[in-house]
Amino acid sequence: MKQSTISIRVDENLKKSFDELCDSFGLSNTAAMTIFMKAVVRERRIPFELRAETESEIRAKSMEAFEKLRKEAQQNGVSGMSLEEINEEIRSARRGEQS
């Protein structure tokens, strides 16, 4: 089978992470890209979903995370702390102190 070369430009950190992940799978990056390309040709589509979250989905996830943090703060007795008290807790934790 005749071979061909594809040359692409990607972010250096992305390539490094991709290469490390492929290596952990026991694959070269060439083998991983070949698998991806074969799947695209076979399925005649990108073999995973490409989508951006809507603003309302992002807002809902943010509120869910906020409510979770609020509940944890109440459970840990820190929900009534001022911003300065919170910052002091952070400084103490960074110094390795117990409150």
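Placed above this text is the structure.
In this text the structure is predicted, and so the values were computed from the model without any measurement.

The next thing to look at is the overall build of the chain. Summing up its helical and strand segments, the chain has four helices and zero strands in all. Across the chain, helices and strands are ordered from the amino to the carboxyl terminus as α-α-α-α. In terms of overall dimensions, the chain is more spread out than a globule: its C-alpha atoms have a radius of gyration of 24 Å, far above the 13 Å expected for 99 residues. Across its three principal axes, the chain shows a C-alpha extent of roughly 70 × 35 × 25 Å. Counting across all 99 residues of the chain, residues that qualify as buried make up 5%. Split by element, the accessible area of the chain, about 9400 Å² in all, is 55% carbon and sulfur. Separation of charge centres in the chain, based on 17 positive and 18 negative side chains, amounts to 9 Å.

The next point concerns a nonpolar patch on the surface. On the surface, Ile6, Ile8, Val10, Leu14, Phe18, Met33 and Met37 cluster together into a nonpolar patch covering about 650 Å² of accessible area. For the nonpolar patch, the elements supplying multiple residues, two or more each, are helix H1 (12-25) and helix H2 (29-43). With respect to the secondary-structure elements, Ile8 resides in the segment before H1. Overall, Ile8 belongs to the exposed group, its relative accessible area being 58%.

Here we come to the packing of H1 against H2. Contact geometry of H1 with H2 gives a least axis separation of 9 Å together with a crossing angle of 90 degrees. Of the possible angle classes, the one that applies to H1 and H2 is roughly perpendicular. Residues Lys15, Phe18, Asp19 and Cys22 of H1 touch H2, and the partners they reach there are Asn29, Ala32 and Met33. Residues of the contact of H1 with H2, tallied by class, amount to four nonpolar, one polar and two charged.

Conventions adopted
- Residues numbered from 1 in each chain as written.
- Predicted model: local features only at pLDDT ≥ 70, side-chain atom pairs only at ≥ 80, totals over all residues.
- Heavy atoms only, no water.
- Helix = DSSP H or I, 4+ residues; strand = E, 2+ residues; numbered from the N terminus.
- Rg over C-alpha atoms; globule rule 2.2 N^0.38 Å.
- Buried < 20%, exposed > 50% of the residue type's maximum accessible area, 1.4 Å probe, protein only.
- Areas by Shrake-Rupley, 256 points an atom, 1.4 Å probe, with all protein chains shown as cover.
- Lys, Arg positive; Asp, Glu negative; His and termini not counted.
- Charge placed at Lys NZ, Arg CZ, Asp CG, Glu CD.
- Patch = residues over 30% accessible without salt bridge, like charges linked within 9 Å, V, L, I, M, F, W, Y side chains within 5 Å.
- Salt bridge = Lys/Arg side-chain N within 4 Å of Asp/Glu carboxyl O.
- Axes fitted to C-alpha atoms, helices over the stretch in contact; angles between N-to-C directions.
- Parallel < 35°, antiparallel > 145°, perpendicular 65-115°, else oblique.
- Contact = heavy atoms within 4.5 Å.
- Nonpolar A, V, L, I, M, F, W, Y, C, P; charged D, E, K, R; others polar.

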